[in-house]
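The lines below spell out each chain.
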Amino acid sequence: YSLKAELRRTMAMATRLTRRGKGSGHHSVTNTASAPETMSADMKSTMKSLHDLWGYEEYIEFCHDFNLKSTALLTAIQAGEVYLAVVPLDTQLHHTRGMNFSQFCQALVCMALTGYRDAPAGTSALAKLNALLLFIWKKLNSQENTQKAVNSRNTTISSHAGSLNIFG
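Residues numbered from 1 in each chain as written. Predicted model: local features only at pLDDT ≥ 70, side-chain atom pairs only at ≥ 80, totals over all residues. Heavy atoms only, no water.

**A look at the overall build of the protein chain**
Next, step 1: What the protein chain contains, in helices and strands, is seven helices and two strands.
Next, step 2: The N-to-C order of helical and strand elements in the protein chain reads α-α-α-α-β-β-α-α-α.
Next, step 3: The proportion of buried residues among the 168 residues of the protein chain is 27%.
Next, step 4: Here the analysis covers contacts within the protein chain between residues at least 6 apart in sequence; of these, 54% occur between residues at least 24 apart. (Helix = DSSP H or I, 4+ residues; strand = E, 2+ residues; numbered from the N terminus. Buried < 20%, exposed > 50% of the residue type's maximum accessible area, 1.4 Å probe, protein only. Contact = heavy atoms within 4.5 Å.)

**Some thoughts on the packing of helix α3 (residues 56-65) against helix α5 (residues 101-115)**
Next, step 1: In the contact formed by α3 and α5, the axes pass within 13 Å of each other and the chain directions differ by 45°. Here α3 lies oblique to α5, going by the angle between them. The two elements α3 and α5 meet at a crossing, and its hand is right-handed. Side by side, α3 and α5 meet where Tyr 59, Phe 62 and Cys 63 of the first sit next to Phe 104, Ala 107, Leu 108 and Met 111 of the second.
Next, step 2: Partitioned by chemical class, the residues of the contact of α3 with α5 number seven nonpolar, no polar and no charged. (Axes fitted to C-alpha atoms, helices over the stretch in contact; angles between N-to-C directions. Parallel < 35°, antiparallel > 145°, perpendicular 65-115°, else oblique. Left-handed = near helix turned anticlockwise from the far one by under 90°. Nonpolar A, V, L, I, M, F, W, Y, C, P; charged D, E, K, R; others polar.)

**Some remarks on the environment of Gln 103**
Next, step 1: By secondary structure assignment, the location of Gln 103 is in helix α5.
Next, step 2: Along the sequence, Gln 103 and Trp 54 sit 49 residues apart, while their C-alpha atoms lie 9.9 Å from each other.
Next, step 3: In contact with Gln 103, not counting residues within four places along its chain, are Val 86, Val 87, Pro 88 and Gly 98.

**Details of the nonpolar core**
Grouped burial of nonpolar side chains is what soluble globular proteins tend to show.
Next, step 1: Residues Tyr 59, Phe 62, Leu 68, Met 99, Leu 108, Met 111 and Leu 132 are the most contacted members of the largest nonpolar core, which totals 23 residues.
Next, step 2: Of all elements in the fold, only α3, α4 (76-86), α5 and α6 (125-140) reach the threshold of two or more residues within this core.
Next, step 3: No other element matches the five residues that α5 contributes to this core.
Next, step 4: Setting aside chain neighbours within four positions, we find Met 99 in contact with Asp 52, Leu 53, Trp 54, Tyr 59, Tyr 83, Val 87, Phe 104 and Ala 107. (Core = buried A, V, L, I, M, F, W, Y, C linked by side-chain atoms within 4.5 Å.)

Purely geometric stuff here, so don't read any function into it on its own.
Next up, the structure:
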């Protein structure tokens with residue numbers, strides 16, 4: 001998800017620079033568009049500071065991929081509230097910068113506490129977190145995912161080399 005976030009930010013920056021370059025320059029007599037702008041040092045430092053941070057898009061994709069954002073555990077609004085509770089607002093940029101690893105761990109705890117809020121009163125936060133991780137594990141090892149793994153292996157490898165660890 002970190003790579004997806006970095007790719008998304010890079011593509012957005014490239015698109016913005018390309019649009020800015022085509023729209024901001026004066027056209028010459030031959031009416032050719034100007035070249036795209038290059039990234040300034042400030043833009044480069046901003047991009048570097050966002051390295052290894054998940055954006056909201058990647059967080060929601062993670063929640064969707066592991067069925068955390070479903071009627072069974074969390075609603076979309078609750079998942080969004082967890083993100084906003086964990087990731088602070090950057091006062092300079094006027095939006096959230098992104099989620100780092102420690103904030104991701106905090107988000108897992110918040111999702112566990114929110115998702116299992118109707119558990120018996122004596123249930124500890126650790127037990128709720130374990131239940132959330134078990135929920136994620138079950139999604140990873142579902143029948144649907146194992147069939148995808150078996151089918152993709154059969155189409156790409158024609159020999160019988162090694163065994164397939166379905167639940168690995």
